[in-house]
Amino acid sequence: MTAQRAPWDAIAASIAAAEGISFRPERLEPVGGGCINQAYRLEGTGRRYFVKLNRAENATLFEAEAAGLEELLAAAVVKAPRPITHGVAHRQAFLVLEYLELGRGDAASLAALGVALARLHRHTAEHFGWRQDNFIGATRQRNPWSADWIAFWREARLGFQLELAARRGHRGPLQHLGERLLERFPALFQGYAPVPSLLHGDLWAGNHGVTRDGTPVVFDPAVYYGDREADLAMTELFGGFGPAFYRAYEEAYPLDPGYRVRKDLYNLYHVLNHVNLFGARYAPQAQTLMERLLAHLG
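It should be emphasised that the depicted structure is a prediction, and the values quoted were computed from it without experimental measurement.

Novice: Sorry if this is basic, but what is going on with the overall build of the chain here?
Specialist: The number of helices and strands found in the chain is nine helices and eleven strands. Taken against the 2.2 N^0.38 rule, which gives 19 Å for 298 residues, the C-alpha radius of gyration of the chain at 20 Å falls within 12% of a compact globule. Principal-axis analysis of the C-alpha atoms gives the chain an extent of 65 × 45 × 35 Å. Residue burial in the chain is summarised as follows: out of 298 residues, 52% are buried. Long-range contacts, defined here as pairs at least 24 residues apart, represent 65% of the contacts in the chain between residues at least 6 apart. Carbon and sulfur atoms make up 50% of the accessible area of the chain, which totals about 13500 Å². Where the 32 positive side-chain charges of the chain centre and where its 32 negative ones centre are 4 Å apart.

Novice: Hey, could you run me through the pairing of strand E4 (residues 83-89) in this one?
Specialist: Along any regular strand the residues' side chains alternate between the sheet's two faces. As paired elements, E4 and strand E5 (residues 92-98) share six bridges and run antiparallel to each other. Bridge pairing in E5 links Gly87 to Phe94. The turn linking E4 back onto E5 is made up of two residues, and His90 within it adopts a positive phi angle of 50 degrees.

Novice: Help me understand the sheet that holds strand E2 (residues 38-44) in this model?
Specialist: The five strands are arranged E1-E2-E3-E5-E4 in an open sheet whose pairing can be described as antiparallel. With partners counted over all chains shown, the strands left at the sheet margins are strand E1 (27-30) and E4, one partner each. Strand-to-strand twist of the sheet, defined as the mean angle between neighbouring strand axes without regard to direction, takes the value 25 degrees. As defined by bridge partners, strand E3 (residues 47-55) adjoins E5 across seven bridges and the pair is classed as antiparallel. Residue pairing for E5: Tyr49 is matched across the bridge by Glu98. On the sheet, helix H2 (residues 59-75) packs against E3, E4 and E5 and is oriented at approximately 20 degrees with respect to E5.

Novice: Could you clarify how one ought to interpret helix H6 (residues 228-237) in this entry?
Specialist: In an α-helix, one turn spans 3.6 residues, which is why side chains three or four residues apart end up on the same side. Summarising burial for H6: nine of the ten residues are buried, a large majority. Within the span of H6, buried status applies to Arg228, Glu229, Ala230, Asp231, Leu232, Ala233, Met234, Thr235 and Leu237. Summarising the contacts, the buried residues of H6 are in contact with helix H3 (107-121), strand E8 (197-199), strand E11 (224-226), helix H7 (243-252), helix H8 (259-278) and helix H9 (283-297). Residue Gly239 follows H6 closely and has a positive phi angle near 105 degrees.

Novice: I'm lost on unusual backbone geometry in this one. Help?
Specialist: Most of the time, phi is negative for any residue but glycine, and the peptide bond is trans. At Ala76, a position not held by glycine, the phi torsion is positive, near 60 degrees. Topologically, Ala76 is positioned in the loop between H2 and E4. Positive phi, close to 65 degrees, is recorded for Arg91, a residue that is not glycine. Here Arg91 shows up in the loop between E4 and E5. Arg91 gets classed as exposed once you look at its relative accessible area, which sits at 73%.

Novice: What is the right way to look at the packing of aromatic side chains in this model?
Specialist: Aromatic ring pairs are described here by two measures, namely the spacing of the ring centres and the angle between the planes. One pass over the full model with this rule turns up 17 aromatic pairs. Ring geometry for Trp8 and Tyr40: centres 5.3 Å apart, planes at 75 degrees, overall edge-to-face. Here Trp8 is found in helix H1 (residues 8-19), whereas its partner Tyr40 is found in strand E2, with 32 residues between them in sequence. Like Tyr40, Trp8 is buried. A ring pair is formed by Phe185 and Phe189, whose centres lie 6.3 Å apart and whose planes are at 75 degrees; its orientation type is edge-to-face. The exposure classification of Phe185 matches that of Phe189, with both residues buried. Every member of this aromatic cluster is reached through a ring pair, and the members are Phe128, Trp149, Phe152, Trp153, Tyr224, Tyr266 and Tyr269.

Novice: What should I look at first to understand the side chain of His170 in this one?
Specialist: Mapped onto the fold, His170 is located in the loop between helix H4 (149-167) and helix H5 (173-184). Ignoring any residue separated from it by four or fewer positions in sequence, one finds His170 in contact with Ala165, Gln175, Val275, Asn276, Gly279 and Ala280.

Novice: Would you mind going over empty space enclosed by the protein with me for this structure?
Specialist: It is the rolling of a water-molecule-sized probe over the atoms that shows where space remains empty. Evaluation of the coordinates by the stated rule reveals two cavities of 30 Å³ or more. The calculated volume of the largest cavity comes to roughly 50 Å³. Taken together, Trp153, Leu199, Gly201, Tyr224, Ala230, Asp231, Tyr266, Tyr269 and His270 form the lining of the largest cavity. Contributions of two or more residues to the lining of the largest cavity are made by H6 and H8. The element contributing the most residues to the lining of the largest cavity is H8, with three residues. Residue composition of the lining of the largest cavity, by class: six nonpolar, two polar and one charged. If you add up the space inside the second largest cavity, you get close to 40 Å³. Contributing to the lining of the second largest cavity are Leu72, Val78, Leu113, Leu117, Leu120, His200, Leu203 and Val218.

Cut-offs used in this document
Residues numbered from 1 in each chain as written. Predicted model: local features only at pLDDT ≥ 70, side-chain atom pairs only at ≥ 80, totals over all residues. Heavy atoms only, no water. Helix = DSSP H or I, 4+ residues; strand = E, 2+ residues; numbered from the N terminus. Rg over C-alpha atoms; globule rule 2.2 N^0.38 Å. Buried < 20%, exposed > 50% of the residue type's maximum accessible area, 1.4 Å probe, protein only. Contact = heavy atoms within 4.5 Å. Areas by Shrake-Rupley, 256 points an atom, 1.4 Å probe, with all protein chains shown as cover. Lys, Arg positive; Asp, Glu negative; His and termini not counted. Charge placed at Lys NZ, Arg CZ, Asp CG, Glu CD. Pairing = 2+ DSSP bridges. Axes fitted to C-alpha atoms, helices over the stretch in contact; angles between N-to-C directions. Phe/Tyr/Trp six-rings, centres within 6.5 Å; stacked < 30°, edge-to-face > 60°. 1 Å grid on protein atoms, 1.4 Å probe; cavity = no way out; pocket = protein on both sides within 12 Å on 5 of 7 lines; lining within 4 Å. Points joined across faces, edges and corners; volume = space filled by probe spheres on them. Nonpolar A, V, L, I, M, F, W, Y, C, P; charged D, E, K, R; others polar.

In short, the description is geometric, and any link to function would need to be established separately.
Now the structure itself:
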């Protein structure tokens, strides 16, 4: 071990109980890439695990993440790390995941991801929402079951983020434009009726990878059942996934032409969340999206 043993002995005991094995921690290495949690690779007894740590009061983040990964894995169409165990030890919350050795992606792996995501989106539920709330970044994400997608998006997504922004002092044009959009955005759904598809929920470039054998893998989900366009929109928000991904998805599950406009509506949710998490520097981007949507509505 290369760090203080606490809370690692307790985490090792939790791994042993969950896996039904004898496990002794032998090597611990920090892993980069996270902005909310500390991450480590834990090795011992011929096994490797990916471990996240956070403050004890944030244990519900890990509980929700594990449940989301289990939901994705149950669909059996996309690879994700298997959750092993989670809990609190020595005043630290922990989540232990299967360790996946990642490699370098290419056009073929992006195309495979597009096909896998299309298959995931064909996994549907009777209503929109999910069985529990979870988190988008560090922000609670409300997932009440609803038969009405427009009402769900107005209340549990845009309305929730705008209310949170107002409580945090982000008022003025952001709220005025938001109020107008909340009233008018249902017109964007004329002739289009989304079905409740299983969504990753936070599918930007940093939340997918490729294993050494070229298999695409996704992680850090914020799952719920919603319009599949919301997942596709998120893939475009921070740089995009490359043309091979979008071609493969479109061939497997063609998109409605109105997606080109509605993607701004869906990405507005994530930009507003960035306003609430990281501050007013994201407000101009949110306002631009709202102005563009309102201009389209006439």
